[in-house]
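One letter stands for each residue in the lines below.
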Amino acid sequence: MEITEKVGIYENMAEPFHCDFSHRLFMGHLGNHLLNAADFHSRDRGFGMDRLNPMNKTWVLSRLAIEMDEMPVQYEKFCVETWIESAMRYFTNRSFRITSAPNSLNMSSPTAVKSKIYGHGRSVWAMIDTVTRQPCSIFDVNDGAVIHYVESEKENPMDKLSRVKIGDGAKLVSSIDTHYGDVDVNGHINSVKYIEHVLDLFPVEWYMKNRLRRFDIAYVAESHYGDKLNFYSETDVSDARSFKIRITKTPSCGGAEVEVCRCKLQFVDAGK
């Protein structure tokens, strides 16, 4: 039976081996929890991957931003709320809110009271044909059911998604090969793996003094197993704790270097 509520609430735990040296959840693992929530939400409402895949369709993440005032600590239970802000022919805008979990949570109630808000997220998703890799209409699935789940009244206070602009002066700082563990169910490099690889560009000593407050990523093209990923970095001239990263791929079969995605990282003092 399909769920009728527009907002989905999913409880998780900051498992110890998903936390860093500060005993707080890794940003990459938080990203996985957000993408899982998006999948659970769409699946329960009749337009999930299990419905799409037999139709040669799938969801792909186009853009994602996560902004956190604080990360859940080791063993702490937390909730990811998610809802669709708007739906167009080829794209949906999906929001997230990350909160602490109350002692007793009615999982069917989108109005359950939370004790603390850790942060928010915004994302853009596209539906594509898995054979042609071209966009296809969201409204062709399940009689356009997605439109009934648009929640335009629920507030998301974080800034809207912005395009990451990187100048020609960005410098190559790392190149890595892709492996089995980088590949997702759609057959391309996992969306969160890019985030993890970008965060690995900074040493542990940096994270001892700086906390990642916001991470933006815009996906431009797919990359696949065997491709080499190249990372170009540029520091914001107005903020020494703000960085822009361009990721390109060098295809395993040879050929020209192609841009895959762009990221922006905004750090603050670790004590804030």
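Conventions used here
Residues numbered from 1 in each chain as written. Predicted model: local features only at pLDDT ≥ 70, side-chain atom pairs only at ≥ 80, totals over all residues. Heavy atoms only, no water. Core = buried A, V, L, I, M, F, W, Y, C linked by side-chain atoms within 4.5 Å. Buried < 20%, exposed > 50% of the residue type's maximum accessible area, 1.4 Å probe, protein only. Contact = heavy atoms within 4.5 Å. 1 Å grid on protein atoms, 1.4 Å probe; cavity = no way out; pocket = protein on both sides within 12 Å on 5 of 7 lines; lining within 4 Å. Points joined across faces, edges and corners; volume = space filled by probe spheres on them. Helix = DSSP H or I, 4+ residues; strand = E, 2+ residues; numbered from the N terminus. Nonpolar A, V, L, I, M, F, W, Y, C, P; charged D, E, K, R; others polar. Disulfide = S-S within 2.5 Å.

S.K.: So what exactly am I meant to see when it comes to the nonpolar core here?
M.R.: In globular proteins that are soluble, nonpolar side chains generally tend to be buried together. Membership of the largest hydrophobic core comes to 54 residues, with the highest contact counts inside it found for Met27, Leu30, Tyr194, Phe215, Ile217, Ile247 and Leu265. If sequence neighbours within four positions are ignored, Ile217 has contacts with Ser62, Arg63, Leu64, Tyr194, Ile195, Cys261, Arg262 and Cys263.

S.K.: I tried to follow the layout of surface pockets on my own but got confused; where do I start?
M.R.: Rolled over the atoms, a probe with the dimensions of a water molecule shows which regions are left empty. Reported here for the largest pocket is a volume of approximately 860 Å³. Lining of the largest pocket is provided by 34 residues; of these, Trp59, Val60, Leu61, Trp125 and Asn186 occupy positions nearest its centre. Only α1 (27-44), β2 (57-68), β4 (91-100), β5 (117-129) and α3 (191-199) provide two or more residues apiece to the lining of the largest pocket. Looking at which element gives the most residues to the lining of the largest pocket, the answer is α1, with six residues. Counted by class, the lining of the largest pocket contains 19 nonpolar, ten polar and five charged residues.

S.K.: Hey, could you run me through the state of the cysteines in this one?
M.R.: Throughout this description, disulfide means a covalent bond between two cysteine sulfur atoms. The final tally for this structure, using the stated rule, is zero disulfides. Cysteine Cys19 remains unbridged, with the sulfur of Cys79 as its closest cysteine sulfur at 16 Å. Note on Cys253: no disulfide assigned, nearest cysteine sulfur contributed by Cys261 at a separation of 19 Å. A residue is classified by how much of its surface remains accessible, and Cys253, at 73% relative accessible area, is exposed.

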